[in-house]
Amino acid sequence: MALLPILRFPDVRLKKVAAPIKNIDDGIRKLVADMAETMYEAPGIGLAATQVDVHKQLVVIDISEERNELRVFINPRIEQSEGLQEGEEGCLSVPGIYEKVERAERVTVRYLDLDGTQQSLTTDGLLAVCIQHEIDHLQGHVFVDHLSQLKQTRIRSKLAKQARVTA
Ligand code: GNR
Ligand code: NI
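Since this is a predicted model, take the numbers as computed values, not measurements. (Residues numbered from 1 in each chain as written. Chains lettered and ligands numbered in written order. Predicted model: local features only at pLDDT ≥ 70, side-chain atom pairs only at ≥ 80, totals over all residues. Heavy atoms only, no water.)

**What to know about the coordination of the nickel ion (ligand 2)**
- Protein coordination at the nickel ion (ligand 2) comes from Cys91 (SG), His133 (NE2) and His137 (NE2), with a distance range of 2.1 to 2.3 Å.
- Of note, the nickel ion (ligand 2) draws all its donor residues from one chain, in the sequence arrangement C-x41-H-x3-H. Residue histidine 133 and its partner histidine 137 are both found in helix H2 (residues 125-138); the two are separated by four residues, about one turn of the helix. The same class applies to histidine 133 as to histidine 137, namely buried. (Donors = N, O, S within 2.8 Å, 3.2 Å for Na, K, Ca; no water. Helix = DSSP H or I, 4+ residues; strand = E, 2+ residues; numbered from the N terminus. Buried < 20%, exposed > 50% of the residue type's maximum accessible area, 1.4 Å probe, protein only.)

As structure tokens, then:
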């Protein structure tokens, strides 16, 4: 296993649109293991392949307290969504920034599991938020894109300042 470097907003590579996965081979299985290790180490509750500069439709999520319920989503699509919820979001690609984002309350997601079997999951709450956040990444979006221009400008300057002191 290996820890993978996570791209930081506003890196333009976070804007790439991920391609569907055609074959679930050893390369994909290794990527899942490395992404899971990277997510747990960060620590985060989800990670999209886009964030580690791999532009394939792959997401790992673990929202469990014990960090022992890894979920893998290959080629995930939101089939149905209903209602609205607003919750504070953070992102491993936007460190130290937490802002309220409006999302669907309940989603049904279709995806392939690691065996290549089609699955359908209907969920709400934090898992629904996280799935929507990760699918955004696969489409080249970060949660900051949902905020006002004023907030986006403030976040960019805060991160630029952080980068100067850490450099
Ligand atoms: O670790 C994460 N926490 C989080 C909290 C609220 C809403 C979404 C998330 S996802 C984030 C990890 C991440 O950046 N995934 O892309
Ligand atoms: Ni994120």
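**Considering the layout of surface pockets**
- In this structure, the largest pocket occupies an estimated 370 Å³ of space.
- Lining the largest pocket are 22 residues, and of these Ile45, Glu89, Gly90, Cys91 and His133 lie nearest its centre.
- Ranked by residues supplied to the lining of the largest pocket, first place goes to H2 with six residues.
- Within the lining of the largest pocket, the residues separate by chemical class into 11 nonpolar, eight polar and three charged. (1 Å grid on protein atoms, 1.4 Å probe; cavity = no way out; pocket = protein on both sides within 12 Å on 5 of 7 lines; lining within 4 Å. Points joined across faces, edges and corners; volume = space filled by probe spheres on them. Nonpolar A, V, L, I, M, F, W, Y, C, P; charged D, E, K, R; others polar.)

**Examining the side chain of glutamate 134**
- For glutamate 134, the position within the fold is in helix H2.
- Buried charge without a salt bridge: glutamate 134, with arginine 103 as the nearest opposite-charge side chain at an N-O distance of 8.6 Å.
- In this view, glutamate 134 contacts Gly46, Leu47, Ala48, Gln51, Val59 and Ile61; residues no more than four positions away in its chain are not counted. (Lys, Arg positive; Asp, Glu negative; His and termini not counted. Salt bridge = Lys/Arg side-chain N within 4 Å of Asp/Glu carboxyl O. Contact = heavy atoms within 4.5 Å.)

**Here we look at the nonpolar core**
- If you look at the biggest cluster of nonpolar residues, it comprises 14 residues, and the most contacted ones within it are Val32, Met35, Leu47, Leu58, Val60, Val72 and Ile74.
- Sorting the residues of this core by element identifies helix H1 (26-41), strand E2 (58-61) and strand E3 (71-82) as the ones contributing at least two each.
- Filtering out sequence-adjacent residues up to four positions away, methionine 35 remains in contact with Leu4, Leu47, Ala48, Ala49, Val52, Leu58, Val59 and Val60. (Core = buried A, V, L, I, M, F, W, Y, C linked by side-chain atoms within 4.5 Å.)

**Structural notes on the site of ligand 1**
- For ligand 1, the set of nearby residues contains 13 residues, the closest of which are Ile45, Gln51, Leu92, Glu134 and His137.
- Histidine 133 has a polar side-chain atom sitting 3.1 Å from an oxygen atom of ligand 1.
- One of the side-chain N or O atoms of histidine 137 is found 2.9 Å from an oxygen atom in ligand 1.
- For ligand 1, whose accessible area on its own is 380 Å², the fraction buried by protein is 89%.
- Assessed atom by atom at 2 Å from the grid points, ligand 1 resides in the largest pocket.
- Mapped onto the shell around ligand 1, the elements with two or more residues apiece are strand E4 (85-89) and H2. (Near = heavy atom within 4 Å. Polar contact = N/O pair within 3.5 Å; in protein donor to acceptor, adjacent residues only side chain to side chain. Areas by Shrake-Rupley, 256 points an atom, 1.4 Å probe, with all protein chains shown as cover. Sits in = over half its atoms within 2 Å of the grid points.)

**Observations concerning unusual backbone geometry**
- Residue phenylalanine 9 is joined to proline 10 through a cis peptide bond whose omega torsion reads 5°.
- If you trace the backbone, proline 10 turns up in the segment before H1.
- The amide bond that connects alanine 42 to the next residue, proline 43, takes the cis arrangement and shows omega of -10°.
- Summarising the element assignment, proline 43 is placed in the loop between H1 and strand E1 (46-48).
- Positive phi, normally seen in glycine, also occurs at aspartate 53, with a value near 65°.
- Inspection of the secondary structure puts aspartate 53 in the loop between E1 and E2.

**A few points about the pairing of strand E6 (residues 106-112)**
- Burial runs high along E6: five of the seven residues are buried.
- Bridge analysis of E6 against strand E7 (residues 118-124) gives seven bridges, and the strand direction is antiparallel. Bridged to threonine 108 within E7 is threonine 122.
- Hairpin connection of E6 to E7: five residues between the antiparallel strands, including glycine 116 at a positive phi of 85°. (Pairing = 2+ DSSP bridges.)

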